[in-house]
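One-letter residues, chain by chain:
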Amino acid sequence: MSDDTITTSIAENIGTLSINRPKALNALNSATLEKLSSRFADLETNDDVHVIVITGAGDRAFVAGGDIADLASRGGLEHYLEFAELIHEVFRQIEVCKKPTISAVNGWALGGGVELILATDIRVAVEDAALGLPEITLGLFPGAGGSQRLLRQISPCQAKELMFTGDRISAREALRIGLVNKVVSREELMPEVMKTAQKIASHSPLVLQLLKRNLTHGQDMPLAAALAHEQAMIGLVLDTADAHEGCSAFLEKRPAEFRGK
Ligand code: HXC
């Protein structure tokens, strides 16, 4: 499955989606966002896929942001709102995806590139990647969900400094402030991402989906409602064949064989 700007592949229950506009450092224009949405939906609805990895083509950029040429070519509020609606919809689609997602940050992640990783669950970056929200230097602000997601994911004072200054930070600094999970060498990037993805994919896909739903929706609720939601969800999980299998396997001292039921 491939086309010009988005390529996908599936192996060992892991779907990999690559943003493929290396000449524009994988910047996201509307056509690419539309393809990203449809290829991502293909992976999300494919039962063979338990975990989805997102990366950028080439060795320079993950995503250098929203496509500035696309933005500059627009005129009129209606057309700007259209772009904002599209990028919001696609990033929200990724954020609420029922399967775990991992960003393999293989180079520049700027503007919309950081906003994209903020919509994924786990992020691994190469040590020479640089990340940042330079929108303010363009007279914009991180408006693809990034201002609100960043504020909720890392310390608010760190989030505000990144957004107000537009500074780029190293992958190590991104690790220090909790924006990425791990920093590895370029050679280690995909092996490390696949190792994590395989570990996740070895667990019950059904329980992973219920856990992800519990986390995605629970984090937007007041604590009492989130706990009630979690209690209902764990009730469902306890009744699955996979929970019975996992507990039996432990007691019988054998590896569990999960079937997603
Ligand atoms: C369109 C882009 C681009 C972008 C790079 N390119 N980033 N095109 N949109 N976001 C293009 C360049 O124009 C150039 O095209 C080619 O990719 C290579 O880029 P260079 O600048 O020549 O490379 P280099 O000197 O190595 O610099 C790399 C860079 C720089 C530091 C990443 O390209 C850069 O600063 N890019 C912009 C980053 C940014 O501001 N992102 C935020 C965008 S706004 P040509 O044709 O000249 O070879 C955003 C908001 C989204 O994300 C949300 C709105 C709702």
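Residues numbered from 1 in each chain as written. Predicted model: local features only at pLDDT ≥ 70, side-chain atom pairs only at ≥ 80, totals over all residues. Heavy atoms only, no water.

## What about the site of the ligand?
In the vicinity of the ligand lie 21 residues, with Arg-60, Ala-64, Gly-66, Ile-68 and Gly-112 positioned nearest. Measuring from an oxygen atom of the ligand, one finds a backbone N or O atom of Lys-23 at 3.3 Å. Interatomic distance of 2.8 Å between a backbone N/O atom of Gly-112 and an oxygen atom of the ligand. If you list the elements that add at least two residues to the shell around the ligand, you get strand 6 (108–110) and helix 4 (112–118). Taken together, the residues that form the shell around the ligand break down as 10 nonpolar, five polar and six charged. (Near = heavy atom within 4 Å. Polar contact = N/O pair within 3.5 Å; in protein donor to acceptor, adjacent residues only side chain to side chain. Helix = DSSP H or I, 4+ residues; strand = E, 2+ residues; numbered from the N terminus. Nonpolar A, V, L, I, M, F, W, Y, C, P; charged D, E, K, R; others polar.)

## A look at the sheet that holds strand 2 (residues 14–19)
Pairing within the open sheet is mixed, and its six strands lie in the order 1-2-3-5-7-10. In this open sheet, the two strands that pair with only one neighbour each are strand 1 (6–11) and strand 10 (182–184). Neighbour-to-neighbour, the strand axes of this sheet turn through a mean angle of 20°, independent of strand direction. As defined by bridge partners, strand 1 adjoins strand 2 across six bridges and the pair is classed as antiparallel. Within strand 2, the residue paired with Ile-10 across the bridge is Gly-15. (Pairing = 2+ DSSP bridges. Axes fitted to C-alpha atoms, helices over the stretch in contact; angles between N-to-C directions.)

## Things to note about the packing of helix 5 (residues 146–153) against helix 6 (residues 156–165)
At a minimum axis separation of 7 Å, helix 5 and helix 6 run at an interaxial angle of 145°. Crossing angle aside, the handedness with which helix 5 passes helix 6 is right-handed. Facing helix 5, whose interface residues are Ser-147, Leu-150 and Leu-151, helix 6 presents Pro-156, Ala-159, Lys-160, Leu-162 and Met-163. The residue inventory of the contact of helix 5 with helix 6, partitioned by class, reads six nonpolar, one polar and one charged. (Left-handed = near helix turned anticlockwise from the far one by under 90°. Contact = heavy atoms within 4.5 Å.)

## Considerations on the pattern of salt bridges
According to the stated counting rule, one finds 13 salt bridges in the structure shown. A salt bridge links Arg-74 to Asp-70; the shortest N-O distance between them is 2.9 Å. In this structure Arg-74 comes out as buried when scored by relative accessible area, which is 14%. When its relative accessible area of 13% is taken as the criterion, Asp-70 is described as buried. Notably, a salt bridge pairs Arg-186 with Asp-128, separated by 3.2 Å at the nearest N-O pair. Of this pair, Arg-186 sits in the loop between strand 10 and helix 8 (189–201) while Asp-128 sits in the loop between strand 7 (122–126) and strand 8 (130–132); the two residues are 58 residues apart in sequence, bridging distant segments of the chain. Take Asp-128: its relative accessible area is 52%, and that puts it in the exposed class. (Salt bridge = Lys/Arg side-chain N within 4 Å of Asp/Glu carboxyl O. Buried < 20%, exposed > 50% of the residue type's maximum accessible area, 1.4 Å probe, protein only.)

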